[in-house]
Number of protein chains: 2
Amino acid sequence: MEPLQIAPRAGRVRARLGDRAEALLVSDLSNVRWLTGFSGSNGWVVLTPDELVLVTDGRYGDQAAAQMAAAGVDATVRVGATAGAINDLLADTVKPMATLAFEARHVTYAQFQAYESVMHARLVGLDGVVEAERRTKDGGEIARIAEACRIADAALAEVAPLLDDGPTEAEVRNLLEIQMRELGAEGPSYETIVATGPTNAALPHHRPTHTRIEEGHTVVIDVGALYDGYHSDMTRSYVVGEPTAEQRDLYELVLDAQVRGVEAVAAGLSTKELDAVCRDAIAAAGYGDWFTHGTGHGVGLVIHEDPFVGRASDLILQVGDVVTVEPGVYREGFGGIRVEDLVVVTSTGCRSLTKTPKDSPCPPSPPTT
Amino acid sequence: MEPLQIAPRAGRVRARLGDRAEALLVSDLSNVRWLTGFSGSNGWVVLTPDELVLVTDGRYGDQAAAQMAAAGVDATVRVGATAGAINDLLADTVKPMATLAFEARHVTYAQFQAYESVMHARLVGLDGVVEAERRTKDGGEIARIAEACRIADAALAEVAPLLDDGPTEAEVRNLLEIQMRELGAEGPSYETIVATGPTNAALPHHRPTHTRIEEGHTVVIDVGALYDGYHSDMTRSYVVGEPTAEQRDLYELVLDAQVRGVEAVAAGLSTKELDAVCRDAIAAAGYGDWFTHGTGHGVGLVIHEDPFVGRASDLILQVGDVVTVEPGVYREGFGGIRVEDLVVVTSTGCRSLTKTPKDSPCPPSPPTT
């Protein structure tokens with residue numbers, strides 16, 4: 001698999017930081033991982049104009065050094081035994097300087113107070129510096145997300161044919177998660193959604209219960225895999241048995257909106273415009289009120305990240321963005337239908353990383369082997 | 001199962017808050033759940049002397065009202081569509097008052113700034129008010145934690161006999177997690193640890209890999225279940241095949257330290273004293289350096305919570321505390337051994353909620369059915 005290009009990232013972040021601060025204290029673990037390759041559960045990065053220092057605790061010193069060396073990142077590791085010792089190491093690394101930027105959305109108020117008491121610098125809250133760079137995926141990242149998609153595709157191909165047998169939501173979830181693990185996933189990318197029937201499927205974020213999947217009901221399955229730290233995200237919706245005219249019409253409507261959305265994805269399109277493509281298609285058929293969430297979001301080391309795609313979002317899609325396109329309709333009494341693919345923005349439009357067929361609401365037959 | 005006693009909790013928190021602030025803004029979701037019964041992923045509570053108001057987003061309004069009604073909690077639900085609208089609702093609920101306490105460890109600096117701009121009150125960072133009450137488990141909570149323990153016990157009883165067959169760490173983890181789900185768990189309580197061999201088992205927090213379990217190696221399995229929001233936590237260690245004298249001696253040493261710890265647990269003992277009971281037993285045999293972590297921690301709606309039990313902790317155990325007792329020894333080249341039970345402090349000492357046998361490092365034989 002194509003390697004991650006981690007070493008150049010610090011330079012990109014320094015360039016983006018510019019003269020807004022002399023150094024950046026990175027607290028968010030996904031940002032730390034993206035900058036350094038370090039995947040532990042506790043770590044901070046201080047990025048100065050000429051240094052990258054990672055501070056962690058005793059569990060992770062060797063791991064951090066090994067992962068950064070493997071990534072070709074030129075950095076120093078410093079290890080503190082306690083939270084207080086780690087703060088002191090951060091302060092010692094920062095040294096006296098005029099301004100230190102910190103991630104205000106990723107630092108608690110209590111942590112901010114601790115920094116204030118030890119840092120010899122004016123603290124400036126500054127968000128999104130790393131995220132703005134992290135948003136653009138390199139080839140190695142896209143390969144990992146594609147692999148996570150492949151795993152979820154393969155798991156769903158195994159499990160979807162079983163919907164006709166009347167399993168419970170929880171059983172379907174369990175089978176999907178087991179399959180993904182067996183196919184090489186670190187685990188599910190998020191809490192797998194399996195939602196069926198007139199009440200559960202009407203909830204976009206329903207958690208699987210022991211409700212049994214019944215003939216005539218809609219089933220929404222939202223499933224992704226985690227692979228080498230990278231997420232995938234896909235939704236398929238089914239009707240068990242022969243769909244009613246309403247079920248078929250609404251499936252076609254959502255699918256049409258989703259296909260239009262995927263076809264519209266291109267560098268230069270605004271996220272608001274992309275949202276409107278899907279939303280207008282559903283609203284034109286009179287179901288605008290049934291589409292109760294945004295059209296999509298970025299996916300990478302974090303399952304929900306920029307670029308968010310919704311009515312209120314206002315970003316311009318760029319080459320290297322990886323985003324979901326996932327319109328849906330939901331109504332108590334009817335249930336729900338959502339179709340979601342994960343696509344990467346390319347120089348000529350976009351390429352779907354999700355390969356599961358979506359042309360029909362009928363569960364596939366078991367693969368013939 | 002004994003019901004949770006949720007309704008009286010707000011009163012206990014009000015009493016503990018005393019006159020330190022007129023109202024408390026609760027941001028931590030576990031604290032919100034404990035106070036209200038609401039289990040959604042987005043919610044805030046404002047607790048005033050005569051009101052409890054829960055603010056959430058549109059996905060959760062009905063669920064919050066239903067869960068609070070079921071819990072007998074007298075409260076108002078307010079629903080905001082965006083983060084800004086939610087902040088405005090919180091400010092409107094707080095109304096002009098002198099001081100509003102907020103949870104400094106659970107509020108980001110960015111969130112604090114947003115509160116500062118909308119609240120008509122002086123904001124006072126105040127941590128641990130809810131946690132100090134949440135620490136003491138009622139009968140319904142203990143019943144749920146005991147059920148989570150029972151599920152993990154049963155899963156390990158199924159899976160431990162397979163260690164002799166040479167599975168990989170990841171395979172053992174997968175089997176344990178599948179078993180727990182099938183036995184009624186919502187999922188694992190935390191990332192299940194299966195660590196084997198001279199290198200992996202020497203890491204207390206090792207993540208399962210495709211390393212195969214081999215004869216002669218130590219295996220550390222740290223597994224818990226999540227049941228109705230409550231966690232369990234257990235560790236058992238094994239040697240596959242005939243243990244060496246060193247393996248047997250160290251197993252006996254850790255087990256002896258752990259049993260002494262459990263026997264010492266009683267209301268009135270300090271966490272530091274409990275830590276010393278286990279630590280001294282291991283240090284007296286010359287292995288003090290091999291015991292590289294704390295002796296235990298509280299368990300409830302959160303897997304690691306007060307009372308933490310370690311050298312630097314200084315709390316007094318109380319009736320209703322649920323804590324782990326989990327000494328261990330680790331050394332590169334040797335591997336590791338940890339034995340952990342979850343116990344509840346009672347008026348006469350403690351009662352173990354973990355039932356898996358621990359007398360031998362040899363994996364159990366398959367159950368004869």
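Residues numbered from 1 in each chain as written. Chains lettered and ligands numbered in written order. Predicted model: local features only at pLDDT ≥ 70, side-chain atom pairs only at ≥ 80, totals over all residues.

## Considerations on the overall build of chain A
- Scanning chain A for helices and strands turns up 11 helices and 19 strands.
- By the burial criterion, 48% of the 369 residues in chain A qualify as buried.
- Taking all contacts inside chain A whose residues are at least 6 apart in sequence as the whole, residues at least 24 apart take part in 67%. (Helix = DSSP H or I, 4+ residues; strand = E, 2+ residues; numbered from the N terminus. Buried ≥ 20, exposed ≤ 12 C-beta atoms within 10 Å, placed from the backbone. Contact = placed C-beta atoms within 7 Å.)

## As for the confidence of the model for chain A
- Summarising the model, chain A shows a mean pLDDT of 96, and 99% of its residues fall at 70 or more.
- What the predictor reports for the complex is a pTM of 0.89 with an ipTM of 0.87. (pLDDT = per-residue confidence, 0-100.)

## Structural notes on the relation of the copies chain A and chain B
- With an RMSD of 0.0 Å, chain A superimposes on chain B once it is rotated by 180 degrees and translated 0.0 Å along the axis. Taken together, the rotation and translation relating the two chain copies correspond to the operation of a two-fold axis. Residue Thr108(A), judged by its C-alpha, is the member of chain A lying nearest the rotation axis, at 1.9 Å.
- Comparing interface residues between copies, 100% of those in chain A also lie at the interface in chain B; the contact surface is shared. (Least-squares fit on C-alpha atoms with pLDDT ≥ 70 in both.)

## Comments concerning the domain arrangement of chain A
All names here are of chain A.
- Taken domain by domain, chain A holds domain 1 (9–134) and domain 2 (139–352).
- Placing the centre of domain 1 and that of domain 2 at their C-alpha centroids yields a distance of 35 Å.
- Counting residues at the interface gives 6 residues for domain 1, matched by 6 residues for domain 2.
- The leading source of residues in the side of domain 1 that touches domain 2 is helix 2 (residues 29–36), at 3 residues.
- In the side of domain 1 that touches domain 2, the residues fall into 1 nonpolar, 2 polar and 3 charged. (Domains from an automatic or database assignment. Nonpolar A, V, L, I, M, F, W, Y, C, P; charged D, E, K, R; others polar.)

## As for the environment of Ala202(B)
Residues and elements named next belong to chain B.
- Mapped onto the elements of the fold, Ala 202 is located in the loop between helix 9 (197–200) and strand 9 (218–223).
- Classification of Ala 202 by C-beta neighbours within 10 Å gives buried; the count is 21.
- Residues Ala 202 and Leu 89 lie 113 residues apart in sequence; the distance between their C-alpha atoms is 51 Å.
- Apart from residues no more than four positions distant in its own chain, Ala 202 is found in contact with Tyr 330, Arg 331, Glu 332, Phe 334, Gly 335 and Gly 336.

## A short note on the pairing of strand 1 (residues 23–26) of chain A
All names here are of chain A.
- With burial as the criterion, each face of strand 1 is covered, one bearing Ala 23 and Leu 25 and the other bearing Leu 24 and Val 26.
- Strand direction decides the pairing type here: strand 1 and strand 2 (residues 44–48), joined by 3 bridges, are antiparallel. Paired with Leu 24 across the two strands is Leu 47, which belongs to strand 2. (Pairing = 2+ DSSP bridges.)

## Concerning the sheet that holds strand 6 (residues 122–125) of chain A
Residues and elements named next belong to chain A.
- The strand order across the open sheet formed by 6 strands is 4-3-2-1-5-6, and the pairing between neighbours is mixed. This sheet does not close on itself; its edge strands, each paired only once, are strand 4 (76–79) and strand 6. Ignoring which end each strand starts from, the neighbouring axes of this sheet average 25 degrees apart.
- Inspection of the sheet shows strand 2 paired to strand 3 (residues 51–56) by 5 bridges, in the antiparallel sense. Each bridged residue has a counterpart across the sheet, and for Val 46 the counterpart in strand 3 is Val 53. (Axes fitted to C-alpha atoms, helices over the stretch in contact; angles between N-to-C directions.)

## Topic: unusual backbone geometry
Residue and element names in this part refer to chain A.
- Note the cis peptide between Asp 306 and Pro 307, where omega equals 0 degrees.
- With respect to the helices, strands and loops of the structure, Pro 307 is situated in strand 14 (residues 305–309).
- Phi is positive for Lys 95, which is not a glycine, with a value near 55 degrees.
- With respect to the element layout, Lys 95 can be found in the loop between helix 4 (83–94) and strand 5 (99–102).

## Describing the interface of chain A and chain B
- Every contact between the two is made by 15 residues of chain A and, on the other side, 15 residues of chain B.
- Of the residues that constitute the side of chain A that touches chain B, the class distribution is 6 nonpolar, 5 polar and 4 charged.

## Section: the sheet that holds strand 2 (residues 44–48) of chain B
Residues and elements named next belong to chain B.
- Strands sit in the order 4-3-2-1-5-6 across an open sheet of 6 strands; the sheet is mixed. Taken across any chain shown, the strands that pair with only one partner, and hence form the sheet edges, are strand 4 (76–79) and strand 6 (122–125). In this sheet, neighbouring strand axes are inclined to one another by 25 degrees on average, regardless of whether the strands run parallel or antiparallel.
- This element, helix 1 (residues 9–17), spans strand 1 (23–26), strand 2, strand 3 (51–56) and strand 5 (99–102) of the sheet and lies at about 65 degrees to strand 2.

## A closer look at the pairing of strand 14 (residues 305–309) of chain B
All names here are of chain B.
- Across 2 bridges, the pairing between strand 13 (residues 296–298) and strand 14 is antiparallel. Each bridged residue has a counterpart across the sheet, and for Gly 298 the counterpart in strand 14 is Glu 305.
- Remark: 6 residues form the turn of the hairpin made by strand 13 and strand 14, two consecutive strands paired antiparallel.

## Looking at helix 4 (residues 83–94) of chain B
Residues and elements named next belong to chain B.
- Compared with the 16 Å implied by 1.5 Å per residue over 12 residues, the 16 Å span of helix 4 between its first and last C-alpha is a close match.
- Of the surrounding elements, those touching the buried residues of helix 4 are strand 1, strand 2, strand 3 and strand 5.
- Phi turns positive one or two residues past the end of helix 4, at Lys 95, with a value near 60 degrees. (Expected span 1.5 Å × (residues − 1).)

## Section: helix 5 (residues 109–118) of chain A
- For helix 5 of chain A, the full list of buried residues reads Tyr109(A), Phe112(A) and Tyr115(A). With its buried residues spanning 115 degrees around the axis, helix 5 of chain A presents them on a single face. Turned more than 90 degrees from where helix 5 of chain A packs its buried face, Gln113(A) and Ser117(A) sit exposed.
- Each element contacted by the buried residues of helix 5 of chain A is listed here: helix 4, strand 5 and strand 6 of chain A together with helix 5 (109–118) and strand 6 of chain B. (Arc of directions from axis to C-beta.)

## A short note on the packing of helix 10 (residues 245–264) of chain A against helix 11 (residues 271–284) of chain A
Residues and elements named next belong to chain A.
- Contact pair helix 10 / helix 11: the axes reach a minimum separation of 8 Å and the direction vectors enclose 155 degrees. By the angle between their directions, the pair helix 10 and helix 11 is classed as roughly antiparallel. Crossing handedness for the pair helix 10 and helix 11: right-handed. In this structure, helix 10 contributes Leu 253, Asp 256, Ala 257, Gln 258, Arg 260, Gly 261 and Ala 264 to the contact, and helix 11 contributes Leu 274, Val 277, Cys 278, Ala 281 and Ile 282.
- The class makeup of the residues in the contact of helix 10 with helix 11 is 8 nonpolar, 2 polar and 2 charged. (Parallel < 35°, antiparallel > 145°, perpendicular 65-115°, else oblique. Left-handed = near helix turned anticlockwise from the far one by under 90°.)

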